[in-house]
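Residue-level listing of the chains:
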Amino acid sequence: MSTENIIEIRGLNSFYNSRQVLFDITFPIPVSRVTVIMGVSGCGKTTLFRHLTGLKKTAPGQIGIDGKDLGVYSETMLMAYRRRIGVLFQSGALFNSLSLNENIAMPLHVHTDLAEETIRIMTLMKLNMVGLAEFGDYMPSQISGGMKKRAGLARALIMDPEMLFVDEPSSGLDPITAAGLDRLIQNLRQTRGVTIVVVTHELESAFKIADRLVVMDDGRVLASGAPEEIRNSADPRVRQFLSREADSYKMHMEAYYERLLGDQWRG
Amino acid sequence: MVNPVRSLGAYALRQVYSAGRLGMFFVYTVRGLIRPPGKFRPTVKQIQFIGAKSIAVIGFTAAFTGMVLALQGYHTLTRFGAEGWLGSAVGLSLVRELGPVLSALMVTGRAGSAMAAEIGIMRIEEQIDALECMAIDPFSYLATPRLLACVISLPLLTSFCDALGILGGYLIGVGLLGVSSGAFWSGLTSSVDWGDLYMGLIKSVCFSVLIAWISTYKGYYAGVDEGAFGPEQVGRATTEAVVISSIAVLICDYVITSILL
């Protein structure tokens, strides 16, 4: 299997207004592998996900895709990049006013001139792949959360993307549905060689599907490498995350008073 | 002293930024006319929602407004022995002013709020992000069909409103108050000319652009400035869409009237 990197993240910094949320993020995303980005809630993994999918603007020189700088992409280049990727959002992000069939067929209708019958067959194949073949005529409001995610995955895969980005595939799902999604992700990598990036905080799922793991904390990369390397990491924060230990309560008294009293504390 | 100045400066910058974004939103919406996806089916669907489903509410509003105009007009005109001008008074009021404005306000309340809420929900549920990730232009997909549908529907609704209002006025004036039918129609046809109809038409087209533009814009950016995406942001976007669209319609009405009269 090739170990070439399809995406290179080099010193990525990210801000919301003046608040910095990502600090000097650097790691590669190898082609045809499953890279899992994990970390506690609020560690910046969803912001990173938004940079990788082009939803948040990236400064020049910080993310390279096939050797080209995402930060200087024109609108046309960004559109071309997005035709190569599939994205599964945390909620599935299905369009409420369209049936599952219409949701999944939408990219084909917009980007191709395929005959209606061909589109119908392709849609049915993808629905079949995620186990929803009988639900094509249902509206998103008529199906469960897990089914929405699976339908979202079918839509993300309808254009046969080279890269698949998945945000929190297991969150809010029962263990059986979550395991089913994990198996689908593994199958995609093995049978089609799709490059997959998964953002999650579910340890079990992460270790099961990952070829490469990236652990984030407080906007920084704590560790990255093969699952075994992460499992054997000596970093205390990584160990704490892996052993699911709660943060011990530590509050600096001076900072506490300043937060309570503001400027009066200093005056 | 610095803090109020800084706050004022920040406020001014935010307003300039919002104005620029509103302008660019309109440019992107118009650009959507020549970009995929196809507009025919979504526009027809929106015409059905914005236009066809507004017929009943506009019909009731128009009929009762015409009836009230006839009642009020009759009692004023009889003081001067000029009740024969009732048709003229009802017709001119409706065609020039009340028809376009009432239709626009009804469409704002019924369809503008729904447009803002629907697009706002798409924003908070990441559906707009999903559109972008599928390389589908969200302006072209969401805003352009609604703009087209509004521009097609509102002039038709306004014509319907004018006709039903005049009919309501006729029923009260002629049927109830005893004004001569011939005097009513001759007053109407001699006073209302093509210029008045054009004015009403121009107004309704301008109002339709304003309603679609402001309502889709408010929904599209629901919660974006706050960085928070929840039901509260959708509710606020919906309220702002209705209030700002209504005020914009009334201001625009004055401007067009002052130019065309």
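Please refer to the structure placed before this passage.
Model, not experiment: these values are computed from the prediction. (Residues numbered from 1 in each chain as written. Chains lettered and ligands numbered in written order. Predicted model: local features only at pLDDT ≥ 70, side-chain atom pairs only at ≥ 80, totals over all residues. Heavy atoms only, no water.)

1. Structural notes on the overall build of chain B
The secondary structure content of chain B amounts to nine helices and zero strands. Listing the helices and strands of chain B from first to last along the sequence gives α-α-α-α-α-α-α-α-α. Taking the principal axes of its C-alpha atoms as reference, chain B extends roughly 65 × 55 × 30 Å. When the 261 residues of chain B are sorted by exposure, 49% land in the buried category. When the accessible surface of chain B is totalled, it reaches about 12300 Å², and 72% of it is carbon and sulfur. Placing the 17 positive and 16 negative side-chain charges of chain B at their respective mean positions leaves the two points 4 Å apart. (Helix = DSSP H or I, 4+ residues; strand = E, 2+ residues; numbered from the N terminus. Buried < 20%, exposed > 50% of the residue type's maximum accessible area, 1.4 Å probe, protein only. Areas by Shrake-Rupley, 256 points an atom, 1.4 Å probe, with all protein chains shown as cover. Lys, Arg positive; Asp, Glu negative; His and termini not counted. Charge placed at Lys NZ, Arg CZ, Asp CG, Glu CD.)

2. Side note on the nonpolar core
Residue and element names in this part refer to chain A. In this structure, Met-38, Leu-164, Ile-196 and Ile-230 are the most contacted members of the largest nonpolar core, which totals 44 residues. Considering every element that reaches this core, the biggest residue donor is helix 5 (residues 145-157), with six residues. Excluding its chain neighbours within four sequence positions, the residues that come into contact with Leu-164 are Gly-86, Val-87, Leu-153, Ala-156, Leu-157, Leu-188, Val-194, Thr-195, Ile-196 and Val-197. (Core = buried A, V, L, I, M, F, W, Y, C linked by side-chain atoms within 4.5 Å. Contact = heavy atoms within 4.5 Å.)

3. With respect to the interface of chain A and chain B
Taken together, the contact pairs 23 residues of chain A with 21 residues of chain B. For the pair chain A and chain B, the interface holds four salt bridges. The salt bridge partner of A:Glu75 is B:Arg31, with a shortest N-O separation of 3.5 Å. Counting the contacts that link chain A with chain B gives eight residue pairs in polar contact (both at pLDDT 80 or more). Elements with a minimum of two residues in the side of chain A that touches chain B: helix 2 (75-84), strand 6 (85-88) and helix 3 (100-111) of chain A. Considering only residue class, the side of chain A that touches chain B consists of 12 nonpolar, six polar and five charged. (Salt bridge = Lys/Arg side-chain N within 4 Å of Asp/Glu carboxyl O. Polar contact = N/O pair within 3.5 Å; in protein donor to acceptor, adjacent residues only side chain to side chain. Nonpolar A, V, L, I, M, F, W, Y, C, P; charged D, E, K, R; others polar.)

4. Thoughts on the sheet that holds strand 10 (residues 220-225) of chain A
By definition, the strands of a sheet pair up through backbone hydrogen bonds, in either a parallel or an antiparallel sense. All names here are of chain A. Spatially, 6-7-8-3-9-10 is the arrangement adopted by the six strands of the open sheet, whose pairing is mixed. In this open sheet, the two edge strands, each paired with only one partner strand, are strand 6 and strand 10. Taken pair by pair, the neighbouring strands of this sheet meet at an average axis angle of 15°, ignoring direction. Strands strand 6 and strand 7 (163-167) of the sheet are contacted by helix 2, whose axis makes an angle of about 70° with strand 6. Of the strands in this sheet, strand 6 and strand 7 are in contact with helix 5, which crosses strand 6 at around 170°. (Pairing = 2+ DSSP bridges. Axes fitted to C-alpha atoms, helices over the stretch in contact; angles between N-to-C directions.)

5. Description of the pairing of strand 6 of chain A
Both faces of the sheet carry side chains from a regular strand, because those side chains alternate between them. All names here are of chain A. Residues Ile-85 and Val-87 line one face of strand 6 and the alternating positions Gly-86 and Leu-88 line the opposite face, and both faces are buried. Looking at chain direction, strand 6 and strand 7 are connected through four bridges and run parallel. Considered in strand 7, the bridge of Val-87 is made with Phe-165.

6. Things to note about the pattern of salt bridges
Using the criterion set out here, one finds 25 salt bridges over all chains in the structure. B:Arg35 is paired through a salt bridge with A:Glu75; the nearest N and O atoms lie 3.5 Å apart. A residue pair is termed interchain when its members come from two chains, as with B:Arg35 in the loop between helix 1 (2-31) and helix 2 (40-51) and A:Glu75 in helix 2. The partner of B:Glu226 in a salt bridge is B:Arg236, with the nearest N and O atoms 2.7 Å apart. Of the two residues, B:Glu226 is situated in the loop between helix 8 (194-220) and helix 9 (231-260) and B:Arg236 in helix 9; the sequence distance between them amounts to 10 residues. For B:Glu226, a relative accessible area of 45% gives the class partly exposed. Judged by relative accessible area, B:Arg236 falls into the partly exposed class, the value being 33%. One salt-bridge network, held together by shared partners, links A:Glu75, B:Arg31, B:Arg35 and B:Asp137.

7. Describing helix 4 (residues 116-129) of chain A
Residues and elements named next belong to chain A. Over its 14 residues, helix 4 extends 20 Å from the first C-alpha to the last, a length consistent with the 20 Å expected when each residue adds 1.5 Å. Every buried residue belonging to helix 4 is among Ile-119, Thr-123, Lys-126 and Leu-127, and all of these are buried. In an axial view of helix 4, the angular spread of the buried residues amounts to 100°, which keeps them on one side of the axis. In helix 4, those exposed residues whose orientation departs by more than 90 degrees from the buried face are Met-125 and Asn-128. Its buried side turned inward, helix 4 meets helix 3, helix 5 and helix 6 (175-192). (Expected span 1.5 Å × (residues − 1). Arc of directions from axis to C-beta.)

8. Structural notes on empty space enclosed by the protein
By the definition in use, this model includes one cavity of 30 Å³ or more. Approximately 160 Å³ is the volume found for the largest cavity. As for the largest cavity, its lining consists of 17 residues, and the residues nearest its centre are A:Ile85, A:Gly86, A:Arg155, B:Cys133 and B:Met134. Mapped by element, the contributors of at least two residues to the lining of the largest cavity are helix 2, strand 6, helix 3 and helix 5 of chain A together with helix 5 (127-133) of chain B. Class assignment of the residues belonging to the lining of the largest cavity gives a composition of 11 nonpolar, three polar and three charged. (1 Å grid on protein atoms, 1.4 Å probe; cavity = no way out; pocket = protein on both sides within 12 Å on 5 of 7 lines; lining within 4 Å. Points joined across faces, edges and corners; volume = space filled by probe spheres on them.)

9. Some points on the packing of aromatic side chains
Residues and elements named next belong to chain B. Inspection of the entire model under this criterion finds 18 aromatic pairs over all chains. Geometrically, the ring pair formed by Tyr-28 and Phe-139 is tilted, given 4.9 Å between the ring centres and 40° between the ring planes. Of the two residues, Tyr-28 is situated in helix 1 and Phe-139 in helix 6 (residues 138-176); the sequence distance between them amounts to 111 residues. Each ring, one from Trp-194 and one from Tyr-198, has its centre 6.5 Å from the other, and the planes form 35°; the classification is tilted. Residue Trp-194 and its partner Tyr-198 are located together in helix 8, separated by four residues, close to a single helical turn. For Trp-194, a relative accessible area of 64% corresponds to the exposed category. Grouping aromatic residues by their ring pairs yields a cluster made of Phe-25, Tyr-28, Phe-139, Tyr-217, Tyr-220 and Tyr-221. (Phe/Tyr/Trp six-rings, centres within 6.5 Å; stacked < 30°, edge-to-face > 60°.)

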